Amino acid sequence: MSSVTFEGQQYVFYDEKYLDKRGGGSSLNGKSKAKLIKEFLEENNNQAFFSKDLTTALKNQDIKPSDIMTNTRRLEKKGLVYVRGYRLHDKQTPFKDDYILTWIDDKTPRDKAIEHAIKKTNTLLEKSAFSATNPTIERIHQIRDTIVEATKLQDLASFEYIQNKMGCTIHKTKTAIARALQLYPDLREIKLFDTFNYYYHTSMSKVNLGATVAFKKNYLRKMKGEQNRLGHNWEATVEWFVDKFTEGATFQTQRHRTKGMDPRRITLHIVKSVGARKNSAEVNRVWSVSMGLLVEPVIYVLECKWGLITKAMVDDFLEVTKWSVEFGVDMFGGRQIK
């Protein structure tokens, strides 16, 4: 007989499988999960571990991922374990492989013990190619290193070069550069032709800076000139297709002060500054299509870009259109495109 029923309650004979593993049954060698984790970290006190690696090491002891952080947080409060993750302004978040854990030696002076714990986690981070800081701070440090490197080579670091090196979006690059300029007063920004942003370190002499700026300007004139010609070809291509295949299309023209400027490029007058444009902004083509005598013509505004089109470019184009005298209108809900 393996069990007895008394007053509706079933009682079973002793068997290890019925032991509560949380309390230290023999299936855990008489030790609780917290004690197993504590002993493992203490026995390997010269190393640091990602929490997932700790789970793997103790899986034969029936330790689950949820057990690791629950128990190490208790040990952290007792000052026995150092838990490390990405340090943000007001919180800490895990690394890609979760938090890093290491034992704090309570037999040495506290400052020395914490310093040693940090060194152990640094070693693990270097091996695993993860940074000890949050992504924004990583970018700021990388930006400073890039600008200093360019200065040592008697060069300027362009915005595009920094963005490509970091491999992140334009918005994230702008945010990181703005923060780097705030944190490091020895970094400088210079804008060429009121459009192109370059950066340098104050260790560059005025003579070298002047020569480098002159070189960059010549480069921009040549490179941007080629891009402008490509852009003009795109404008002409769209214009040809509209002329060829759209019935009733009529392009607007405009006389310009600049000799040789295509009369079909249109300068809009804007009532509010948009980006670097204060009083006017250009669009590539404007044409209208008449659908009939009793129907208002449909007006099309074209902006051509050579290269990758981003949301910021589209938003900028719509802002120009909205704040232009020609195509914008004040409504009760604010400025709108007609």
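Along each chain, numbering runs from 1 in the same order as the chain's sequence is written. Local features in this predicted model are restricted to residues of pLDDT 70 or higher, and side-chain atom pairs are both shown and tallied only at a pLDDT of 80 or more, whereas totals for entire chains, interfaces and linings draw on every residue. With hydrogens and water excluded, all non-hydrogen atoms of the structure serve as input to the side-chain values.

Considerations on unusual backbone geometry
Cut-off, in case you're wondering: Going along the chain from the N terminus, every DSSP run of H or I of four or more residues is numbered as a helix, and every run of E of two or more is numbered as a strand. Each residue's exposure class comes from its accessible area (1.4 Å probe, protein chains only) as a fraction of the maximum for that residue type: buried when under 20%, exposed when over 50%, partly exposed otherwise.
One non-glycine residue with positive phi stands out, namely Gln154, at about 55 degrees. With respect to the helices and strands, Gln154 occurs in the loop between helix H5 (135–152) and strand S8 (157–158). Overall, the relative accessible area of 40% leaves Gln154 in the partly exposed class. A positive phi is found at Phe193, a non-glycine position, where the angle reads about 55 degrees. Counting through the fold element by element, Phe193 comes out in the loop between strand S9 (187–192) and strand S10 (196–201). On the accessibility criterion, Phe193 (39% relative accessible area) is partly exposed.

Considering the pattern of salt bridges
Any two side chains of opposite charge can pair, on the condition that their charged atoms come close. As a reminder of what qualifies: Definition used for salt bridges: Asp or Glu carboxyl oxygen within 4 Å of a side-chain nitrogen of Lys or Arg.
Enumeration over the complete set of coordinates arrives at 17 salt bridges. Here Glu239 ties to Arg264 by a salt bridge, and the two come within 3.1 Å at their closest N and O atoms. With Glu239 in helix H8 (residues 206–245) and Arg264 in the loop between strand S11 (249–251) and strand S12 (266–269), this residue pair connects regions lying 25 residues apart in the sequence. Looking at Glu239, the relative accessible area reads 16%, which means it is buried. Across the salt bridge formed by Asp316 and Arg277, the nearest N and O atoms sit 2.5 Å from each other. Of this pair, Asp316 sits in helix H9 (residues 311–323) while Arg277 is found in the loop between S12 and strand S13 (280–283), placing the two residues 39 residues apart along the sequence. The network of salt bridges with shared partners includes Glu239, Asp243, Asp262, Arg264 and Arg285.

Some thoughts on the sheet that holds strand S4 (residues 81–84)
Cut-off, in case you're wondering: What makes two strands pair is DSSP finding at least two bridges between them. Note on geometry: axes are C-alpha line fits, over the in-contact stretch for helices, and angles between N-to-C directions span 0 to 180 degrees. The contact criterion used is simple: two residues touch if any of their non-hydrogen atoms lie within 4.5 Å.
Within the open sheet, the three strands sit side by side as S3-S7-S4. Their pairing is antiparallel. Bordering the open sheet on either side are strand S3 (48–50) and S4, each of which pairs with just one other strand. Averaged over all pairs of adjacent strands, the angle between their axes in this sheet comes to 25 degrees, without regard to strand direction. In this structure, S4 lies alongside strand S7 (residues 100–103), joined through four bridges in antiparallel fashion. Counted as the bridge partner of Tyr82 is Thr102 from S7. Strands in contact with helix H1 (residues 33–43) are S3, S4 and S7; relative to S7, the strand with the most contacts, it is inclined by about 75 degrees.

Observations concerning the side chain of Lys33
Counted only if it meets this: Polar contact criterion, stated in full: a pair of N or O atoms within 3.5 Å, where within protein one must be able to donate a hydrogen and the other to accept it, and residues adjacent in sequence count only if both atoms are side-chain atoms.
Within the fold, Lys33 resides in helix H1. Within the structure, the side chain of Lys33 is placed 3.5 Å from the backbone oxygen of Asp62, a separation counted as a polar contact.

Some points on the packing of H5 against helix H6 (residues 159–166)
Definition in use: Any angle that falls under 35 degrees is termed roughly parallel, while one over 145 is termed roughly antiparallel, one within 65 to 115 roughly perpendicular, and all others oblique. Definitions for this section: a left-handed crossing has its near helix turned counterclockwise from the far helix by less than a right angle. A right-handed crossing has that turn clockwise. Each residue is assigned to one of three groups, with Ala, Val, Leu, Ile, Met, Phe, Trp, Tyr, Cys and Pro labelled nonpolar, Asp, Glu, Lys and Arg labelled charged, and all others, Gly among them, labelled polar.
Two elements in contact, H5 and H6, have axes separated by 11 Å at closest approach and are oriented at 130 degrees. Comparing the axis directions of H5 and H6 gives the class oblique. Considering only the axes of H5 and H6, their crossing is right-handed. Residues Arg139, Gln142, Ile143, Thr146, Ile147 and Glu149 of H5 pack against Tyr161, Ile162, Lys165 and Met166 of H6. Its residues placed into classes, the contact of H5 with H6 shows five nonpolar, two polar and three charged.

Here we look at the sheet that holds S10
Pairing is antiparallel across the open sheet formed by three strands, whose spatial order is S8-S10-S9. Two strands lie at the open edges of the sheet, namely S8 and S9, each paired on one side alone. When S8 meets S10, the two strands line up antiparallel, connected through two bridges. Looking at S10, one finds that Ala157 is bridged to Tyr199. Lying over the sheet, helix H7 (residues 170–183) contacts S9 and S10, oriented at roughly 130 degrees with respect to S9.

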